[in-house]
Amino acid sequence: MTETPIRVRFAPSPTGMFHVGGARSALFNWAMARQQADGRFVLRIEDTDAARNRPEWTEGIIRALAWLGIHEDDPHFEGPYFQSAYAAKHRETAERLYKDGRAYYCDCTREQVQERRGNPHLGYDGFCRDRGLEPGPGRALRFRVPEGGPTVVDDQVRGRVEFEHSAIEDFVIARADGSPLFVLANVVDDVEMGINEVVRGEEHLSNTPKQQLLWEALGQTPPRWAHLPVIVNEKRQKLSKRRDKVALESYQDEGYLPEAMVNYLMLLGWSPGEDREILPWSEMEPLFRVSDVNSSSAFFDEKKLRAFNGEYIRALAPDDFVERCRPWLAPDRAPWPAANFDEGVFRAVAPLAQSRVAVLSEIVPNVDFLFLDTPVDDEKSWAKAMKPGVGAEMLSAALDRFADPGLPWAAEPLKAALEEVGAGLGLKLGKAQAPVRVAVTGRTVGLPLFESLELLGRDRVRGRLSAALARLEAADAASEG
Ligand code: GLU
């Protein structure tokens, strides 16, 4: 017997920025589809909430998926389909359920239900179940939940979950205006698209018994379900777009590499085993099993993600690193005058930066001193490095020493020279180099100083030392005066 090929889907609603949780669901589904020659990953944009949808969110989803490596031109990819295109099918199905006696019309207002039940938290009481109402204005269509017995959801992550029918109200499947609810439209589309495995976030677990009942009422075999654990922040709170950084795009903007992001997201609830963590997609894809996903909540640890990213950055070929930095060096983004950028200098300094940055955007503060006319002015760094009795003394001594044409302008001799200058003032190298570093780069931390001096060149280094010295002297004069 040949097995039916797997058909999974990713069904985002385009109502906001693409969330890291959505990205994880998409990746898990993608791995499952790609494991089989005929496996399919269906992208369905659930765009029926016209008031909240925006076309740019849809474009953002497609772009984000491509960034993660889920490409429309891959043979495993199908779609995108748009839920709004299937409105007629949703209505037709609602009608069919009514005709089959699986659903009934109801004209109760929320107030009436509440008044009868005396508790706003209790669901619908089945008042219209046997009233035999015809369709008409103000009448919503409710699904007739079978009496007796539980619905058992056999979830690949959570195991067997029982939902007593007495606790499931006769839920609305179409509003009084005929428009279908999520719970119905989602099932109708899954049926139409031949979906046989549904892998989605845990927040949908409560919809699942209702949806399983709908599949059965439509004479269909329900899909295999899998509900992925919630993703939480360091306070164990569910990630929220109001509180936490959840938009995939913000990670992209900061300079996370897609391969690091993919690797990290795959570990949110799943593990490739043997304590392996850093593993490329090509190796994780065949290993992934949704049944191995853990049901306990997954901690989104940004620090760990950063560390992963740093590792991925260090593993890049040097030329690749340079290319990946490009967006941050572009004239519309970089803080220096575009004409100052020097490709040769950047290529020379890039390997020094590659081993230090954790996210690509950090390239800018590491190299800006090379391309800005004057280094950044950071008050804290300045105060820290330019201590009385050290700052002006070091700058002036270094200025003198660096003026010597006999001093070769290269990292090693520069280091020896500064060591010597420091020793003359009773300072160890660490202390001695701080004022020079801040005068030249604007910051107390950065790339190795002597390589930086070498790249910047004698004239510019001396110019910056003089400017910093003049600034210290002016401040002194002002405080004395
Ligand atoms: N549109 C739903 C959502 O974004 C899809 C839920 C599902 O995967 O079934 O939450």
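Residues numbered from 1 in each chain as written. Predicted model: local features only at pLDDT ≥ 70, side-chain atom pairs only at ≥ 80, totals over all residues. Heavy atoms only, no water.

### Here's the deal with empty space enclosed by the protein
- Taken as a whole, this structure holds one cavity of 30 Å³ or more when the rule is applied.
- Estimates place the volume of the largest cavity at around 40 Å³.
- Every residue lining the largest cavity is listed: Pro365, Asn366, Asp368, Phe369, Arg437, Thr441, Arg443, Val445, Gly446 and Leu447.
- Looking at the lining of the largest cavity, the elements with two or more residues in it are helix 13 (363-371) and helix 17 (429-441).
- At four residues, helix 13 tops the list of elements feeding residues into the lining of the largest cavity.
- Residues of the lining of the largest cavity, tallied by class, amount to four nonpolar, three polar and three charged. (1 Å grid on protein atoms, 1.4 Å probe; cavity = no way out; pocket = protein on both sides within 12 Å on 5 of 7 lines; lining within 4 Å. Points joined across faces, edges and corners; volume = space filled by probe spheres on them. Helix = DSSP H or I, 4+ residues; strand = E, 2+ residues; numbered from the N terminus. Nonpolar A, V, L, I, M, F, W, Y, C, P; charged D, E, K, R; others polar.)

### Let's talk about the pairing of strand 1 (residues 7-10)
- Burial of strand 1 is two-sided: the residues Arg7 and Arg9 facing one way and the residues Val8 and Phe10 facing the other way are all buried.
- Across four bridges, strand 1 lies against strand 2 (residues 40-45) in parallel orientation. Its bridge partner lying in strand 2, Arg7 is registered against Arg40.
- Following the backbone out of strand 1, through helix 1 (residues 20-34) and into the adjacent parallel strand 2, one traces a crossover that is right-handed. (Buried < 20%, exposed > 50% of the residue type's maximum accessible area, 1.4 Å probe, protein only. Pairing = 2+ DSSP bridges. Right-handed = clockwise from strand over helix to strand, strands pointing away.)

### With respect to the layout of surface pockets
- Its volume calculated, the largest pocket comes out at about 1400 Å³.
- In this structure, the largest pocket is lined by 44 residues; those nearest its centre are Pro12, Ser13, Thr15, Glu203 and His204.
- If you list the elements that add at least two residues to the lining of the largest pocket, you get strand 1, helix 1, helix 5 (182-192) and strand 9 (197-201).
- Examining the composition of the lining of the largest pocket, we find that four residues originate from one element, helix 1, more than from any other.
- Class assignment for the residues of the lining of the largest pocket results in 19 nonpolar, 14 polar and eleven charged.
- The space that makes up the second largest pocket amounts to roughly 540 Å³.
- What lines the second largest pocket is a set of 26 residues, among which Arg110, Tyr124, Arg142, Glu169 and Val172 lie closest to the centre.
- Counting residues per element, the ones that place at least two in the lining of the second largest pocket are helix 4 (110-117) and strand 5 (140-143).

### Focus on the site of the ligand
- Neighbouring the ligand are the residues Arg9, Ala11, Pro12, Ser13, Glu46, Phe182, Asn186, Arg200 and His204.
- Taking Ala11, its main chain carries an N or O atom lying 2.8 Å from a nitrogen atom of the ligand.
- Taking His204, its side chain carries an N or O atom lying 2.7 Å from an oxygen atom of the ligand.
- In isolation the ligand has 300 Å² of accessible area, and contact with the protein removes 81% of it.
- Placement of the ligand is best described as lying within the largest pocket. (Near = heavy atom within 4 Å. Polar contact = N/O pair within 3.5 Å; in protein donor to acceptor, adjacent residues only side chain to side chain. Areas by Shrake-Rupley, 256 points an atom, 1.4 Å probe, with all protein chains shown as cover. Sits in = over half its atoms within 2 Å of the grid points.)

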